[in-house]
Amino acid sequence: MKTRINMDFVLVFTLVAFSTCSGFYLPGLAPVSFCEDGKGGDDCQTLIQLFVNRLDSVESVLPYEYDVFDFCKDVDERRPSENLGQVLFGERIETSPYKFSFKKNVKCQKLCTKTYVKDKPMDKNMLDFLKRGMQLNYQHHWIVDNMPVTWCYDVEDSQKYCNPGFPIGCLVTTDGRVKDACVINSEFNKKNTFYIFNHVAIKITYHNGEGEGWRGARLVGATLEPKSIKNDDAEKPTCEGLPMEVPGVFDSDVKITYTYSVTFEENNNIKWASRWDYILVSMPHTNIQWFSIMNSLVIVLFLSGMVAMIMLRTLHKDIARYNQVDQGDLIKVPSPQGKSISYEDAQEESGWKQVHGDVFRPPRKGMLLSVFLGQGTQIFIMTFITLFLACLGFLSPANRGALMTCSVVLWVLLGTPAGYVSSRLYKTFGGEKWKTNVLLTALLCPGIVFADFFLMNLILWVEGSSAAIPFGTLVAILAMWFGISVPLTFVGAYFGFKKPAIEQPVRTNQIPRQIPEQSFFTKPVPGIVMGGILPFGCIFIQLFFILNSIWSHQMYYMFGFLFLVFIILLITCSEATILLCYFHLCAEDYHWWWRSFLTSGFTAVYLFVYAVHYFFSKLQIVGAASTILYFGYTSIMVLIFFLFTGTIGFFACFWFVNKIYSVVKVD
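- Per an unreviewed UniProt entry, the recorded name for the chain is Transmembrane 9 superfamily member, and the organism is Hucho hucho.
- Among the UniProt annotations of the chain, the heading Sequence similarities (unreviewed entry) holds the following wording: "Belongs to the nonaspanin (TM9SF) (TC 9.A.2) family."
- Note on the chain: under the UniProt heading Subcellular location (unreviewed entry), the record states "Membrane".

Rendered as structure tokens:
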């Protein structure tokens, strides 16, 4: 009873710790203080620079740079240095003409006027591209003091949602259907007309530092309201009047004047360290996340109960009976009928010991299996460390690109474990082509990922997307791969081959044993297909939020929940594979090497099926290029997940088989 209470306490403590961890984060930069004009200095800035990022859409996988849409440009345009993760994700941050003096309110400030003449083909192309952006609902992403400028609006149940982006404009179709953001204004009602948001009302909230030991004020919030306003006098705009219409048919010149207003508001209740909270709180995910965790825990408890029953009851009795019958030809061992049973009878009751002479027979295609396991080990360690650091807050949304940068750098540096595991297992399988093994470990799976990635990059380059990786970055990635990762893989392989092969607890017979006829459920394919269902059941809710953050451009920040689901997935894959492995061994089928890898690895197939379902049911992606990009990048995720889950299942089964055959007496 006391043990049960302690276990319950540990479980509750763990859940509380992880839920707390999901809300804790470290902002990416040190705080910056702002002062009014004439009061600035080295430690206090007076000018607030608004940065613009690439524009993206839920209806297209192709992001574009801010300048491509012919908006107002900064005369002294600067681009802050971007890390590897930002480049890989297609972020292109640059300065904008939006510059504000701290605490200086501006009512209606003109930025620039863009004129499109109907007789000029270049103007027609630029306006068509702008209208295409409004039709596909492309979103601006603006940044002030490393914080997103959000558009907050009411959703159902009187809740407020703060979107870290806002649309270029919206469209009323030829049949009068109001699309996307056009629903916010009843004046947006003219058929076959675009309405561009050419005015933004920005509100910047700050926390005053008086009496808190630091000078000036710190920005703790930035929101805006996009508006469409037609200014009749472009030189003296009033920022009032009818909406700015862009006709669907370009039959007359179009003149668009971009304006803005800005107000400052003091709020000393919001601390700088928690200034992202109003964005994160508006995302109603927490209750669903707890449902996801409880759903996963139920599956884990079910599997744990099954494994415990096998280990403590069935397997324990098997081992005791086998060890007893080895002491003589006929030993009185209790049977269900209460009679004495012989060694042969005992074998008939449970058959896993009968295959002791074949269970460690090297698998076919041992080279490929060892390569997969080496790469899977590399991915597993990388994922664990990345999620752990993210859970601690070092890879928060404020630290842009840090998550991807951390993952890539860790993968490059973890070549040694990959080489060691692959070579050690390959040597255990009796392999001798060690050079081929090392080269395949270093090049096969990374080569497949890079080839897919390169093809996707070609499509992005042809489409002129900002997500296209620059040639220099591709060269840098190749240099990291061949200059760091491959040599480290060789180092790991060297130590792996120097070590003796893993010693098996029983000898392998020279002549393979014939496998008896199997029932439907103990055949390889049904077992593998069933094995991936329970691990996928643990992650599919979390998977929805991850896909949302990737393809619907929603912010993902609950890494504490994700780390807990990672641990649950680890346990579930292990237990499901052990369970099915035991059933197959009892059916005297000793081909467990590949089956253990594929059983948990089949979870990746369900991941792909879910991604296809998500594409058709949740996304509104249009265009062949976007569709190819979606499934191209999904294929990379599926391959990585296949290696990751397959490796977990293999090593769990490897430990289990070694354990049960090491405690049985074999002549």
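What follows continues from the structure just given.
**Remarks on unusual backbone geometry**
So, point 1. In the Ramachandran plot, aspartate 70 falls in the positive-phi region, its phi being about 65° despite a non-glycine side chain.
So, point 2. Within the element layout of this structure, aspartate 70 appears in the loop between β3 (60–64) and α2 (84–88).
So, point 3. Looking at aspartate 70, the relative accessible area reads 10%, which means it is buried.
So, point 4. Within the chain, lysine 365 stands out as a residue other than glycine whose phi angle is a positive 55°.
So, point 5. Tracing the backbone shows lysine 365 in the loop between α6 (343–349) and α7 (366–392).
So, point 6. Taking the relative accessible area as the measure of exposure, lysine 365 reaches 65% and is therefore exposed.

**Topic: the sheet that holds strand β1 (residues 47–52)**
So, point 1. Pairing is antiparallel across the open sheet formed by four strands, whose spatial order is β4-β1-β7-β8. Taken across any chain shown, the strands that pair with only one partner, and hence form the sheet edges, are β4 (94–101) and β8 (147–148).
So, point 2. As paired elements, β1 and strand β7 (residues 142–144) share three bridges and run antiparallel to each other. Counterpart to valine 52 in the pairing with β7 is tryptophan 142.

**Looking at the packing of aromatic side chains**
So, point 1. Applying the stated criterion across every chain yields a total of 63 aromatic pairs.
So, point 2. The interplanar angle of 90° and the centroid separation of 6.2 Å between the aromatic rings of tyrosine 64 and phenylalanine 69 together place this pair among those described as edge-to-face.
So, point 3. Classification of tyrosine 64 by relative accessible area gives buried; the value is 8%.
So, point 4. Measuring from centroid to centroid gives 5.9 Å for phenylalanine 450 and tryptophan 481, while their planes differ by 45°, and the two rings are tilted. A residue pair is termed long-range when its members are at least 10 positions apart, and phenylalanine 450 in helix α10 (residues 434–463) and tryptophan 481 in helix α11 (residues 471–498) qualify at 31 residues. For the pair phenylalanine 450 and tryptophan 481, one class covers both residues: buried.
So, point 5. Three or more aromatic residues joined by ring pairs form one cluster here, namely Phe360, Phe429, Trp592, Trp593, Phe650, Phe651, Phe654 and Tyr661.

**A word on the sheet that holds strand β15 (residues 217–227)**
So, point 1. As summarised here, the arrangement of the four strands in space is β5-β17-β14-β15, forming an open sheet in which the pairing is mixed. Among the strands making up the open sheet, the edge pair consists of β5 (106–116) and β15. Mean inter-strand twist for the sheet, computed between neighbouring axes without regard to direction, equals 20°.
So, point 2. With 10 bridges joining them, strand β14 (residues 199–208) and β15 adopt antiparallel strand pairing. When the sheet's bridge partners are listed, alanine 201 is paired in β15 with glutamate 225.

**Things to note about the state of the cysteines**
So, point 1. Under the criterion given, the structure shown has five disulfides.
So, point 2. What pairs with cysteine 72 in a disulfide is cysteine 112, and their sulfur atoms sit 1.8 Å apart. The disulfide joining cysteine 72 to cysteine 112 has a torsion of about -85° about its S-S bond and is therefore left-handed. Taken together, the residues cysteine 72 in the loop between β3 and α2 and cysteine 112 in strand β5 connect sequence positions 40 residues apart. A single burial state applies to cysteine 72 and to cysteine 112, both of which are buried.
So, point 3. Across a sulfur-sulfur distance of 2.1 Å, cysteine 152 and cysteine 162 are joined as a disulfide pair. The chirality of the disulfide connecting cysteine 152 with cysteine 162 is right-handed, given an S-S dihedral of about 110°. Here cysteine 152, found in strand β9 (residues 151–154), pairs with cysteine 162, found in strand β10 (residues 160–163); they are 10 residues apart in sequence, far enough to count as distant.
So, point 4. According to the relative accessible area criterion, cysteine 152 is partly exposed, its value standing at 24%.
So, point 5. Note on cysteine 162: relative accessible area 4%, which makes it buried.
So, point 6. As a non-bridged cysteine, cysteine 586 has cysteine 581 as the owner of its nearest cysteine sulfur, 9.6 Å distant.

**Considering the pattern of salt bridges**
So, point 1. For the structure on display, the rule yields 13 salt bridges.
So, point 2. In this structure, lysine 190 and glutamate 245 form a salt bridge, with 3.6 Å as the shortest nitrogen-oxygen distance. Of this pair, lysine 190 sits in the loop between β12 (169–172) and β13 (193–196) while glutamate 245 sits in strand β16 (residues 245–247), and the two are 55 residues apart along the sequence.
So, point 3. Residue class for lysine 190 comes out partly exposed when judged on its relative accessible area of 45%.
So, point 4. Of the residues examined, glutamate 245 reaches a relative accessible area of 32% and is grouped as partly exposed.

**Observations regarding the nonpolar core**
So, point 1. Core analysis: the biggest nonpolar cluster contains 166 residues, and Phe100, Leu130, Trp142, Trp592, Phe650, Val657 and Tyr661 have the highest contact counts within it.
So, point 2. Ranked by residue count, the leading element in this core is helix α17 (residues 624–662), at 19 residues.
So, point 3. When residues of this core are assigned to domains, at least three map to each of domain 1 (34–281) and domain 2 (299–311 + 364–507 + 518–663).
So, point 4. Discounting residues that sit within four places of it in the chain, tryptophan 592 has contacts with Val359, Phe360, Cys581, Phe650, Cys653, Phe654 and Val657.

**Brief notes about a nonpolar patch on the surface**
So, point 1. A contiguous nonpolar patch, built from Phe454, Leu455, Leu458, Trp461 and Val462 and spanning about 550 Å² of accessible area, is present on the exposed surface.
So, point 2. By relative accessible area, valine 462 is classed as exposed at 63%.

**Regarding the environment of isoleucine 539**
So, point 1. Inspection of the secondary structure assignment puts isoleucine 539 in helix α13 (residues 533–551).
So, point 2. When the C-alpha atoms of isoleucine 539 and isoleucine 293 are compared, they prove to be 9.0 Å apart, with 246 residues separating the residues in sequence.
So, point 3. Apart from residues lying up to four places away in sequence, isoleucine 539 is in contact with Val565, Leu569 and Phe641.

**Overview of the packing of α13 against α17**
So, point 1. At a minimum axis distance of 13 Å, the contact between α13 and α17 shows a crossing angle of 140°. Taken together, α13 and α17 sit at an angle that is classed as oblique. Between α13 and α17 lies a crossing whose hand is right-handed. Between α13, through Ile539, Leu547, Ile550 and Trp551, and α17, the contact on the second element is made entirely by Leu629, Tyr630, Tyr633, Thr634, Met637 and Phe641.
So, point 2. Residue composition of the contact of α13 with α17, by class: nine nonpolar, one polar and no charged.

What counts as what
Residues numbered from 1 in each chain as written. Predicted model: local features only at pLDDT ≥ 70, side-chain atom pairs only at ≥ 80, totals over all residues. Heavy atoms only, no water. UniProt positions renumbered as here; feature names shortened; annotations may be inferred. Helix = DSSP H or I, 4+ residues; strand = E, 2+ residues; numbered from the N terminus. Buried < 20%, exposed > 50% of the residue type's maximum accessible area, 1.4 Å probe, protein only. Pairing = 2+ DSSP bridges. Phe/Tyr/Trp six-rings, centres within 6.5 Å; stacked < 30°, edge-to-face > 60°. Axes fitted to C-alpha atoms, helices over the stretch in contact; angles between N-to-C directions. Disulfide = S-S within 2.5 Å. Salt bridge = Lys/Arg side-chain N within 4 Å of Asp/Glu carboxyl O. Core = buried A, V, L, I, M, F, W, Y, C linked by side-chain atoms within 4.5 Å. Domains from an automatic or database assignment. Contact = heavy atoms within 4.5 Å. Patch = residues over 30% accessible without salt bridge, like charges linked within 9 Å, V, L, I, M, F, W, Y side chains within 5 Å. Areas by Shrake-Rupley, 256 points an atom, 1.4 Å probe, with all protein chains shown as cover. Parallel < 35°, antiparallel > 145°, perpendicular 65-115°, else oblique. Left-handed = near helix turned anticlockwise from the far one by under 90°. Nonpolar A, V, L, I, M, F, W, Y, C, P; charged D, E, K, R; others polar.

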